[in-house]
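# An overview of the molecular structure
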Number of protein chains: 2
Amino acid sequence: MEDLIKGVRHRDRRSIARAITLIEGASDEAEALAEALYPHTGKAYVVGVTGPPGAGKSTLLNRLITHLRGEGLTVGVIAVDPTSPFSGGALLGDRVRMTEHALDEGVFIRSMGTRGHLGGLAAATQDAVRVLDAAGFDIILVETVGVGQTELTIMELADTVVLVLTPGAGDIVQVWKAGIMEIADLFLVNKADRDGARKLIADLEEMLDLAGKKAWRPPVIPTVATERRGIDELWRQLQRHRTHLRESGEGATRRLRHLRREVRGRMEYRLRQRLSELMLEPAFREDLDRLHRREEVPHRLVRKWLSRLFVGEGGESS
Amino acid sequence: MEDLIKGVRHRDRRSIARAITLIEGASDEAEALAEALYPHTGKAYVVGVTGPPGAGKSTLLNRLITHLRGEGLTVGVIAVDPTSPFSGGALLGDRVRMTEHALDEGVFIRSMGTRGHLGGLAAATQDAVRVLDAAGFDIILVETVGVGQTELTIMELADTVVLVLTPGAGDIVQVWKAGIMEIADLFLVNKADRDGARKLIADLEEMLDLAGKKAWRPPVIPTVATERRGIDELWRQLQRHRTHLRESGEGATRRLRHLRREVRGRMEYRLRQRLSELMLEPAFREDLDRLHRREEVPHRLVRKWLSRLFVGEGGESS
């Protein structure tokens, strides 16, 4: 364990990979590791990148990594696919578009799927980001595929959220409904050389007008990732937002809010787990049968079992 | 309380209305009432009716009520609109299409919205259905507007689920996605005199073919509610399904499963409530600040607070 922590702190690739794999397992050892690393976290700038499939996020990230490396910055990437059961090294080989950075010591890329995260995908992603943070990467990019509730929750670990859209994809309504518009700090219109890009940009600007005056108005940035166009502007706007977060105090407020939600999420997860265990107990099943036969009453049964689970619940005696 | 229980059991309209209002408040008194009534429940046949807005569900229910009254059966109706904050008497006046039964002692209709259900809408609906059940109504119809997750949960109190669709509405994919197709025991194609009805029926039958051979194959019933067409066939198929539920044992299995889910839902609701209370405590907020300053670690903080909440959680000493 000592060696593993040391390895991560020295940004040793194999140690980082092992640490993330360990943490995904959610064992006691994993908790001990996460606890040991946590005091060394909080320094990295974490950028979440989300948007519907096919928006060109991977190409974009690839270009951004190259740009950041050119600025002398180290970059960690966690790519999360909530629809895929695969995680870890298996998928890395598939992410061909990112392999150009495979030999670069200043870049670490990891894929995560839904399988084997005993504490939930969002918590596992958060822990993986913290491994990279403790390893001293300057920038950590977290990519999610899709725009559902899971992706929204995952974005709650980012300092800055980038929403990637493309013209003519017709996804804008879906994105709206998912509530991801509200949390975006930067809008990227990728494939901006396509028909409809101008209209999409105008629509987004109009939407931002309607949202009214705020301390930070999300910029709308046209990019053509395949031709490296707009990447420098993306980085400029990310830096501008990072400065805004620091100077306005919003950065600290946001991190505190995220920690609050993370703790709540971990507690809820554990509570649900306990409930599932409880409901497998023979005594609980017998009570359900009694309920079915009308010899027991739902409300009383609920109170009874909550009192066995909870400190301070009155139960039947109250 | 004694009088109220007696009133409900004698199917006194004012007592029933008062009982449901009381139960919606989720007070200690409400729990006592629900407990007193529960042993008298389980006799009614509960039919859930769901489907996208505009499918003509209210007209259909109205016709079905008339048909059932003609058979000498008493009917209770709970109409749930998860998108409306209004409940109780306020909305009853709006449900003009059902007012023809307003003076009929053998019919009781109640609307429920989302406001004021401290135990959650699904639990409140279940309790309201039980009031009608204890009052001795033969058939209880539960109508929901929409096809989202809430509606799906509400349908888990029904013995039989009827899904109402209309041709050309383009809602079928949305209904699919919501997972409501799987729980439907009867498919109703309402407005069956319209273009596209034949195709919708064929599509549904094909889908049922693909689902393979099961003990119960949901019938697809064309209706034109406005002209009272198909209502007798609907009732015939409902009776057929009720017989199937009884003879196959599926009815009892289903009720036990629903009770299990209900108890779990009530427990989860209470657990989340406790968490919210906990997170408002000054000591918890101080711990979050310490977490933010990296003087505390998320995993340890979670264990610590769970140990204060839970019987048998090890906490820091484990």
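Computed from a prediction, not measured in an experiment: that's the story for all the values here. (Residues numbered from 1 in each chain as written. Chains lettered and ligands numbered in written order. Predicted model: local features only at pLDDT ≥ 70, side-chain atom pairs only at ≥ 80, totals over all residues. Heavy atoms only, no water.)

### Regarding the overall build of chain A
Keep this limit in mind: In DSSP terms, a helix is any run of H or I states spanning at least four residues, a strand is any run of E spanning at least two, and both are numbered starting from the N terminus. When accessible area is computed with a 1.4 Å probe and restricted to protein chains, residues below 20% of their type maximum are described as buried, those above 50% as exposed, and intermediate ones as partly exposed.
Summing up its helical and strand segments, chain A has 13 helices and 7 strands in all. Classification of the 318 residues of chain A by burial places 54% in the buried group.

### Points about the packing of helix H1 (residues 2-9) of chain B against helix H3 (residues 28-37) of chain B
Residue and element names in this part refer to chain B. Quick note on the threshold: For helices, the fitted line uses only the C-alpha atoms of the stretch in contact; every axis is such a line through C-alpha atoms, and the angle between N-to-C directions lies from 0 to 180 degrees. Orientation labels follow simple angle bins: below 35 degrees gives roughly parallel, above 145 gives roughly antiparallel, 65 to 115 gives roughly perpendicular, and whatever is left gives oblique. Crossing chirality is assigned from the near helix's rotation relative to the far helix, an anticlockwise turn below a right angle marking it left-handed and a clockwise turn marking it right-handed. Any two residues whose heavy atoms approach within 4.5 Å are treated as being in contact. In this classification, the charged set is Asp, Glu, Lys and Arg, the nonpolar set is Ala, Val, Leu, Ile, Met, Phe, Trp, Tyr, Cys and Pro, and all remaining amino acids, among them Gly, are polar.
In contact at an axis separation of 11 Å, H1 and H3 are set at 45° when each is read in the N-to-C sense. By the angle between their directions, the pair H1 and H3 is classed as oblique. Considering how the two elements wind past one another, H1 and H3 form a crossing that is right-handed. Across the interface between the two elements, Leu4, Ile5 and Val8 from H1 touch Leu33, Ala36 and Leu37 from H3. Of the residues assigned to the contact of H1 with H3, the class counts are 6 nonpolar, no polar and no charged.

### A word on H3(B)
Along H3(B), the positions that sit buried rather than exposed are Ala30(B), Leu33(B), Ala34(B), Glu35(B) and Leu37(B). Of the surrounding secondary structure, the elements contacted by the buried residues of H3(B) are helix H13 (298-309) of chain A together with H1, helix H2 (13-24) and helix H6 (121-134) of chain B.

### Re the relation of the copies chain A and chain B
Mapping one chain copy onto the other needs a rotation about an axis and a shift along that axis. Definition in use: To superpose the copies, least squares is applied to the C-alpha atoms of every residue with a pLDDT of at least 70 in both.
With an RMSD of 0.0 Å, the operation that places chain A on chain B is a rotation of 180° combined with a shift of 0.0 Å along the axis. Taken together, the turn and the small shift mark the pair as related by a two-fold rotation axis. Relative to the rotation axis, the C-alpha of Phe310(A) is the closest in chain A, positioned 2.2 Å from it. Interface overlap between copies: 100% of the residues of chain A at the interface are likewise at the interface in chain B, consistent with a symmetric, same-surface contact.

### Quick look at the sheet that holds strand E7 (residues 220-222) of chain A
All names here are of chain A. To keep it simple, the criterion reads: Following DSSP output, two strands are said to pair if at least two bridges run between them.
The strand order E3-E2-E4-E1-E5-E6-E7 describes an open sheet built from 7 strands, whose pairing is parallel. Of all strands in the sheet, those bounded by a partner on one side alone are strand E3 (107-112) and E7. Strand-to-strand, the axes of this sheet are offset by a mean angle of 20°, without reference to chain direction. Pairing of strand E1 (residues 45-50) with strand E4 (residues 139-144) involves 5 bridges; the strand directions are parallel. Its bridge partner lying in E4, Val49 is registered against Glu143. On top of the sheet, helix H2 (residues 13-24) reaches strand E2 (75-80) and E3; it is set at about 25° to E3, its chief contact. Seen against the sheet, helix H6 (residues 121-134) touches E1, E2, E3 and E4 and runs at an angle of roughly 170° to E2.

### Brief notes about the nonpolar core
Defined as follows: Grouping buried Ala, Val, Leu, Ile, Met, Phe, Trp, Tyr and Cys residues that are joined through side-chain atoms within 4.5 Å yields what is termed a nonpolar core.
Counting 36 residues, the largest nonpolar core has Val263(A), Met267(A), Phe284(A), Val263(B), Met267(B) and Phe284(B) as its most contacted members. Only helix H11 (250-279), helix H12 (282-292) and H13 of chain A together with helix H11 (250-279), helix H12 (282-292) and helix H13 (298-309) of chain B provide two or more residues apiece to this core. Residues contacting Val263(A), with those up to four places away along its chain left out, are Phe284(B), Leu288(B), Leu291(B), Leu301(B) and Val302(B).

### What about the packing of H2(A) against helix H3 (residues 28-37) of chain A?
Residue and element names in this part refer to chain A. In contact at an axis separation of 8 Å, H2 and H3 are set at 125° when each is read in the N-to-C sense. Compared by their axis directions, H2 and H3 come out oblique. Pair H2 / H3 crosses with left-handed handedness. Two secondary-structure elements touch here, H2 through Ala19, Leu22 and Ile23 and H3 through Glu29, Ala30, Leu33 and Ala34. Residue composition of the contact of H2 with H3, by class: 6 nonpolar, no polar and 1 charged.

### What about the interface of chain A and chain B?
As a reminder of what qualifies: What gets called buried area is simply the loss in accessible area from a 1.4 Å probe that two parts show on being joined, summed for both. We define a salt bridge as a contact between a side-chain nitrogen of Lys or Arg and a carboxyl oxygen of Asp or Glu at a distance within 4 Å.
Of the residues lining the interface, 51 residues belong to chain A; the matching set on chain B comes to 51 residues. Interface of chain A and chain B: buried area, both sides summed, is about 5100 Å²; carbon and sulfur atoms make up 67% of it. The largest share of the area that chain A buries against chain B comes from Met267(A), Arg294(A) and His299(A), three residues that together contribute 15% of it. At the junction of chain A and chain B, the tally comes to 4 salt bridges.

### Quick word on the pattern of salt bridges
Residues and elements named next belong to chain A. In total, this model carries 48 salt bridges over all chains according to the counting rule given. The closest approach of N and O atoms between Arg264 and Glu268, which form a salt bridge, is 3.0 Å. In this pair, Arg264 and Glu268 are both assigned in helix H11, 4 residues apart and thus about one turn of the helix distant. As far as the burial class goes, Arg264 and Glu268 line up, both buried.

### Some points on the pairing of E3(A)
All names here are of chain A. Summarising burial for E3: 6 of the 6 residues are buried, a large majority. By the alternation rule, side chains of E3 split into Val107, Ile109 and Ser111 and Phe108, Arg110 and Met112, which are all buried. Strand direction decides the pairing type here: E2 and E3, joined by 6 bridges, are parallel. Note that in E3 the partner of Ala79 across the bridge is Ser111.

### What to know about the environment of Thr50(B)
Residue and element names in this part refer to chain B. Mapped onto the secondary structure, Thr50 falls in strand E1 (residues 45-50). A relative accessible area of 0% places Thr50 in the buried class. Between the alpha carbons of Thr50 and Thr144 there is a distance of 5.2 Å; along the sequence they are 94 residues apart.

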